[in-house]
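Results of the structural survey
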2 protein chains.
Amino acid sequence: MNADAAALKKTRLFGGINEREFSELLAYLAPRCAEYDRGEYLPKPETTRAFGLVLSGAVLLLRDDRRGDRNLILRASAGDTFWESQAICQRCADLDAVAEEKARVFWISAEKAAGPHIAECAGYCRFTRNLLSAVAEKELVLCEKITHMGRRTTRQKLMSFLESQSRSYGSRVFDIPFSRQQLADYLSVDRSAMSAELSALARDGMIKYERSHFELL
Amino acid sequence: MNADAAALKKTRLFGGINEREFSELLAYLAPRCAEYDRGEYLPKPETTRAFGLVLSGAVLLLRDDRRGDRNLILRASAGDTFWESQAICQRCADLDAVAEEKARVFWISAEKAAGPHIAECAGYCRFTRNLLSAVAEKELVLCEKITHMGRRTTRQKLMSFLESQSRSYGSRVFDIPFSRQQLADYLSVDRSAMSAELSALARDGMIKYERSHFELL
DNA sequence: AAAGGTATGTTGTATTTACAACACGGGAGG
DNA sequence: CCTCCCGTGTTGTAAATACAACATACCTTT
């Protein structure tokens, strides 16, 4: 638990909170910890409205449809929360969470974290702001995905994504955090068609790439 | 201002807050009010990080690309907030806001609403939770849009949207809140192609519709 | 009632995509 | 070293879409 607590303290959710407040918050929230193997679907909290906080590893939020097409919504890496909006609104968004690699997850009750009684804890004020900031940040991430998905052609979707990556890295050379299949799922296009379009973009002198390493020309 | 205050009190953001707390909050937040005509683009707050709260009318959040294609993200109706995530994160999502009809908007400083000093107001605790809940709710709305957009064909996108509308109305008969062009922009497809697909759905006995009135068969 | 504007439906064609099947190469493990 | 597996690139074809142009219905205004 000591290693967990240390990891917990470094997350954005618990940022700017001192030792005493941290202990008090932790005692109140009493999160339970669980570990999941690569590829494992995380159990959806039924009765208790809980959200996840990734301590280590990574969790993919996605939605599979009946035909086998997968829509990759976002990746929650160490320090990120997930399922928090469903938990806070008590309304199901029906997103699946899958461990991308071996992942350690803290489950935090939304009733506690976003309920009125949290106010009885020291440091709750900063904690609540952190939570708000995390949810807001996630909304921006979703908006970005929507921007890419909203483009009409695969080429436009790819360029929108690549330019966005380039911007966030502050360089025209960068690595993307997705495999080809993941990127295709993220942009909601066919993988092989996307691969072909990547080739076409390189042939047209728009980009250079090898594996996950890209350069905008 | 009296009418505005009354409208303000009815919004979700100020729900569950009593008269005295309301006055104190309002005095602290000191929102400024503005009115916009149908079709008017709302000015983006540059220096002051502010978000909008719609008092009356409706505001469309969208993104136009160079080619003239419009991506309709969501509609903020009376009582809804918008641009709050950008304001909270102090990071621009570059979404445009357009008055769908004559709209009255309160501009609230995010530094005040989500900053530490809000804690000096009575009722801030409930207010903060309301704000958190509003942002979380919006994330779910975006997830829903992503679900529809993520489907591969126009037919699937339409059915995903219509089934979602049917669920939220609790009936297989319902009205949709979009014009054809708006719906096409929302689903990121071509309007005329979408119209054709609606006809095909009706021909195939999947749906009946007239104007905005739909029935799932 | 007439007229003009807007929203919606229709159709044909060029473009783009999905889909399927396969080729290729690198890495892991025996 | 060999083999298997997985990720990636390629290609051809059928299907779906965007696009443009036009037809029709509806609403508003005069």
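Rules of the game
- Residues numbered from 1 in each chain as written.
- Chains lettered and ligands numbered in written order.
- Predicted model: local features only at pLDDT ≥ 70, side-chain atom pairs only at ≥ 80, totals over all residues.
- Heavy atoms only, no water.
- Pairing = 2+ DSSP bridges.
- Helix = DSSP H or I, 4+ residues; strand = E, 2+ residues; numbered from the N terminus.
- Axes fitted to C-alpha atoms, helices over the stretch in contact; angles between N-to-C directions.
- Contact = heavy atoms within 4.5 Å.
- Near = heavy atom within 4 Å.
- Polar contact = N/O pair within 3.5 Å; in protein donor to acceptor, adjacent residues only side chain to side chain.
- Least-squares fit on C-alpha atoms with pLDDT ≥ 70 in both.
- pLDDT = per-residue confidence, 0-100.
- Buried < 20%, exposed > 50% of the residue type's maximum accessible area, 1.4 Å probe, protein only.
- Arc of directions from axis to C-beta.
- Buried area = accessible area lost by both parts, 1.4 Å probe.
- Phe/Tyr/Trp six-rings, centres within 6.5 Å; stacked < 30°, edge-to-face > 60°.
- Lys NZ or Arg CZ within 6 Å of the ring centre and 35° of its normal.
- Salt bridge = Lys/Arg side-chain N within 4 Å of Asp/Glu carboxyl O.

Right, let's get into the sheet that holds strand β6 (residues 96–99) of chain A. All names here are of chain A. Within the open sheet, the three strands sit side by side as β4-β3-β6. Their pairing is antiparallel. Whereas interior strands pair on both sides, the edge strands pair on one side only; in this sheet they are β4 (70–77) and β6. This sheet shows a mean twist of 30° between the axes of neighbouring strands, independent of strand direction. Bridge count for strand β3 (residues 58–64) against β4 is seven bridges, and the pairing is antiparallel. Its bridge partner lying in β4, Ala-58 is registered against Ser-77. Lying on the sheet, helix α7 (residues 180–187) is in contact with β3 and β4; it crosses β4 at an angle near 110°.

Another point: the protein's contact with DNA strand C. Looking at DNA strand C, there are 19 residues lining it, with Arg-67, Thr-153 and Thr-154 of chain A together with Arg-180 and Ser-199 of chain B nearest. Close to the protein, within 4 Å, the atoms of DNA strand C are drawn from sugar and phosphate at a rate of 61%. With respect to DNA strand C, the backbone of Asp-190 of chain A contributes an N or O atom lying 3.1 Å from a phosphate oxygen. Between Ser-199 of chain B and DNA strand C, the recorded distance is 2.3 Å, taken from a side-chain N or O atom to a phosphate oxygen. Secondary structure elements with two or more residues in the surface near DNA strand C: α8 (191–203) of chain A together with α7 (180–187) and α8 (191–203) of chain B. Counting residues per element, the surface near DNA strand C draws most heavily on α8 of chain B, at five residues.

In the superposition of chain A on chain B (RMSD 0.0 Å, axial shift 0.0 Å), the rotation amounts to 180°. Taken together, the rotation and translation describe the operation of a two-fold axis. A shared binding surface is used by both copies, with 100% of the interface residues of chain A retained as interface residues in chain B.

It is worth spelling out the confidence of the model for chain A at this point. Here chain A averages 90 in pLDDT, and 99% of its residues register 70 or above. Averaged pLDDT values for the elements of chain A fall to 80 in helix α1 (residues 2–9) of chain A and rise to 96 in strand β5 (residues 81–82) of chain A.

We now examine the protein's contact with DNA strand D. Arg-180 and Ser-199 of chain A together with Arg-67, Thr-154 and Arg-211 of chain B are the nearest of the 18 residues found near DNA strand D. Atoms of DNA strand D within 4 Å of the protein: sugar and phosphate make up 64%, bases the balance. Between DNA strand D and Arg-191 of chain A there is a distance of 3.2 Å, counted from a base oxygen to a side-chain nitrogen or oxygen. In the environment of DNA strand D, a phosphate oxygen lies 2.9 Å from a nitrogen or oxygen atom belonging to the side chain of Ser-195 of chain A.

This brings us to α1 of chain A. All names here are of chain A. Among all positions in α1, only Asp-4, Ala-5 and Leu-8 are buried. The arc that holds every buried residue of α1, seen down its axis, measures 100°, which confines them to one face. Away from the buried face of α1 by more than 90 degrees, exposed residues Asn-2 and Ala-3 are located.

Taken residue by residue, the interface counts 45 residues in chain A and 45 residues in chain B. Three residues, Leu-132, Ile-146 and Arg-152 of chain A, lead the burial of chain A against chain B; their summed loss comes to 17% of the area buried on that side. Put simply, chain A and chain B have 11 residue pairs in polar contact (both at pLDDT 80 or more) between them. At the level of secondary structure, the elements contributing two or more residues to the side of chain A that touches chain B comprise β4, α3 (84–89) and α5 (124–150) of chain A. Sort the elements by how many residues they give to the side of chain A that touches chain B and α5 of chain A lands first, with 21 residues.

All names here are of chain A. Strand order in the open sheet formed by four strands is β1-β7-β2-β5, with antiparallel pairing between adjacent strands. Bordering the open sheet on either side are β1 (32–36) and β5, each of which pairs with just one other strand. Bridge count between strand β2 (residues 50–56) and strand β7 (residues 103–109): six bridges; the pairing is antiparallel. Each bridged residue has a counterpart across the sheet, and for Leu-53 the counterpart in β7 is Phe-106. Of the strands in this sheet, β1, β2 and β7 are in contact with α1, which crosses β2 at around 100°.

Residue and element names in this part refer to chain A. Counted under the stated rule, the structure contains 22 aromatic pairs over all chains. One aromatic cluster is present, formed by Tyr-169, Phe-174, Tyr-209 and Phe-214 through successive ring pairs. Cation over ring: Lys-145 sits above Tyr-186, and NZ or CZ is 4.7 Å from the ring centre.

Residue and element names in this part refer to chain B. Mapped onto the elements, Gln-182 comes out in helix α7. Here Glu-100 takes part through its side chain, which lies 2.9 Å from a polar atom of the side chain of Gln-182. Within the structure, the side chain of Gln-182 is placed 3.0 Å from the backbone nitrogen of Ser-179, a separation counted as a polar contact. In this structure Gln-182 touches Leu-60, Leu-72, Arg-75, Glu-100 and Pro-177, once residues within four positions along its chain are discounted.

Moving on: the pairing of strand β7 (residues 207–210) of chain B. Residue and element names in this part refer to chain B. Note that β7 and strand β8 (residues 213–216) share four bridges and pair antiparallel. Opposite Ile-207, over in β8, you have Leu-216 as the bridge partner. Connecting β7 to the next strand, β8, in antiparallel fashion are two residues, including Arg-211 with a positive phi near 55°.

A few words on the pattern of salt bridges. Following the criterion strictly, the structure yields 29 salt bridges over all chains and no others. Linking Glu-35 of chain A and Arg-104 of chain A is a salt bridge whose minimum nitrogen-to-oxygen distance equals 3.3 Å. Placement of the pair is Glu-35 of chain A in strand β1 and Arg-104 of chain A in strand β7, with a sequence separation of 69 residues. Asp-64 of chain A serves as the salt-bridge partner of Arg-70 of chain A, at 2.9 Å between the closest nitrogen and oxygen. According to the relative accessible area criterion, Asp-64 of chain A is partly exposed, its value standing at 29%. Salt bridges linked by common partners bring Arg-155, Glu-197, Arg-203 and Asp-204 of chain B together as one network.

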